[in-house]
Amino acid sequence: MRDLFIVGAGGFGREAVWTVERINAAAPEPLWNVIGFADDDPQKATGNFEGYPMLGSVEKASRDNPGASVFIAIGDNAIRRQLYARLRGHDFPALIDPSAQVSPTTEFKHGTFISQEAVVSVGTEIGKFVIIHSRAGVGHDCVVGDFANLAPGVSLSGHTKVGADVFMGANSCTAPGVTVPDGTVVDCGMPVTK
């Protein structure tokens, strides 16, 4: 069992620790020992969050737990990227909910989060620190760039290329073969057809 702390004592932090608990419950032996949460908000420096201790600021938690793995549970793509730069030297696991269906041919990198009932199809490449929320679907042979965020219900058709730092709002979708450029924000429910 490996020590893990979660950065971000907010909504996504709650989702992340719930996913860790689900991963542990589904495994023959628990994989993760959640030692607590780190957050730069001074009002969250002490106490508990979701039943786990607050470890103080990101720097303090990193300094006090140099061998721990870290999951960055911050939805904002730019802030997630900044935190990754500040926390170099730690291990950043991917968290994949047991209910997600992820093809064994999918390639994904560290720090990625794949939530409940998401589907990631064959031949897909997922970058680092990507968030794929609940019930999102990523079709065959897609590429999702680093630090992208796919909100609940997003549907990517086959051969879609999503650039780095893209945010796709809930229930947005793409036509097959579309490229979504780096840094694009797609509104909720919006189809991207060209």
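These lines cover the structure that appears in this document, whether it is placed above or below. Just so it is clear, the model here is predicted, and its values are computed rather than measured.

Parameters and conventions
Residues numbered from 1 in each chain as written. Predicted model: local features only at pLDDT ≥ 70, side-chain atom pairs only at ≥ 80, totals over all residues. Heavy atoms only, no water. Buried < 20%, exposed > 50% of the residue type's maximum accessible area, 1.4 Å probe, protein only. Helix = DSSP H or I, 4+ residues; strand = E, 2+ residues; numbered from the N terminus. Arc of directions from axis to C-beta. Contact = heavy atoms within 4.5 Å. Polar contact = N/O pair within 3.5 Å; in protein donor to acceptor, adjacent residues only side chain to side chain. Core = buried A, V, L, I, M, F, W, Y, C linked by side-chain atoms within 4.5 Å. Pairing = 2+ DSSP bridges. Salt bridge = Lys/Arg side-chain N within 4 Å of Asp/Glu carboxyl O. Phe/Tyr/Trp six-rings, centres within 6.5 Å; stacked < 30°, edge-to-face > 60°. Lys NZ or Arg CZ within 6 Å of the ring centre and 35° of its normal.

Focus on helix α3 (residues 77-86)
Here is step 1 of the chain: Buried residues of α3: N77, R80, L83 and Y84, and no others. Considered in projection along α3, the buried side chains sweep an arc of 125 degrees and stay on one side of the axis.
Here is step 2 of the chain: Taken together, the buried residues of α3 touch β1 (2-7), α2 (58-64), β5 (69-72), β12 (131-132), β15 (149-150) and β18 (167-168).
Here is step 3 of the chain: For α3, the N-terminal cap is D76; the gap from its side-chain oxygen to the backbone nitrogen of A78 is 3.0 Å.

What about the nonpolar core?
Here is step 1 of the chain: Formed by 23 residues in total, the largest nonpolar core has its most connected members in I132, V138, V144, L156, V162 and M168.
Here is step 2 of the chain: With near-sequence residues (within four places) excluded, V138 lies in contact with V119, V120, S121, T124, I132, V144, L150 and L156.
Here is step 3 of the chain: If you look at the next biggest cluster of nonpolar residues, it comprises 19 residues, including A9, W32, A73 and L95.

So, the sheet that holds β15
Here is step 1 of the chain: Spatially, the six strands line up as an open sheet ordered β6-β9-β12-β15-β18-β21, and their pairing is parallel. Each edge of the open sheet carries a strand with a single partner, namely β6 (95-96) and β21 (185-186).
Here is step 2 of the chain: Alignment of β18 against β21, held across two bridges, turns out to be parallel. If you follow M168 over to β21, its bridge partner there is V186.

Thoughts on the pairing of β5
Here is step 1 of the chain: Of the two faces of β5, the one carrying S69 and F71 and the one carrying V70 and I72 are both buried.
Here is step 2 of the chain: Both β1 and β5 contribute to a ladder of four bridges, which runs parallel. Its bridge partner lying in β5, I6 is registered against F71.

With respect to the pattern of salt bridges
Here is step 1 of the chain: Applying the stated criterion across every chain, the model contains six salt bridges.
Here is step 2 of the chain: Taking the shortest distance from any N to any O, the salt bridge between D64 and K60 comes out at 2.7 Å. With D64 and K60 both in helix α2 and four residues apart, this pair spans about one turn of that helix.
Here is step 3 of the chain: The partly exposed category is assigned to D64, whose relative accessible area is 43%.
Here is step 4 of the chain: Salt bridges here are not isolated pairs; linked through shared partners, they connect D40, E59 and R86.

So, the packing of aromatic side chains
Here is step 1 of the chain: Tallied over the entire structure, the rule returns ten aromatic pairs.
Here is step 2 of the chain: Relative to F113, the ring of F12 has its centre 5.0 Å away and its plane inclined at 75 degrees; by these criteria the two rings are edge-to-face. Of this pair, F12 sits in helix α1 (residues 11-26) while F113 is found in strand β9 (residues 113-114), placing the two residues 101 residues apart along the sequence.
Here is step 3 of the chain: Overall, F12 belongs to the buried group, its relative accessible area being 10%.
Here is step 4 of the chain: Overall, the relative accessible area of 0% leaves F113 in the buried class.
Here is step 5 of the chain: Following the ring pairs from residue to residue traces out a cluster consisting of Y84, F92, F129 and F147.
Here is step 6 of the chain: The positively charged end of R88 is found above the aromatic ring belonging to Y84, 4.2 Å away from the centroid.

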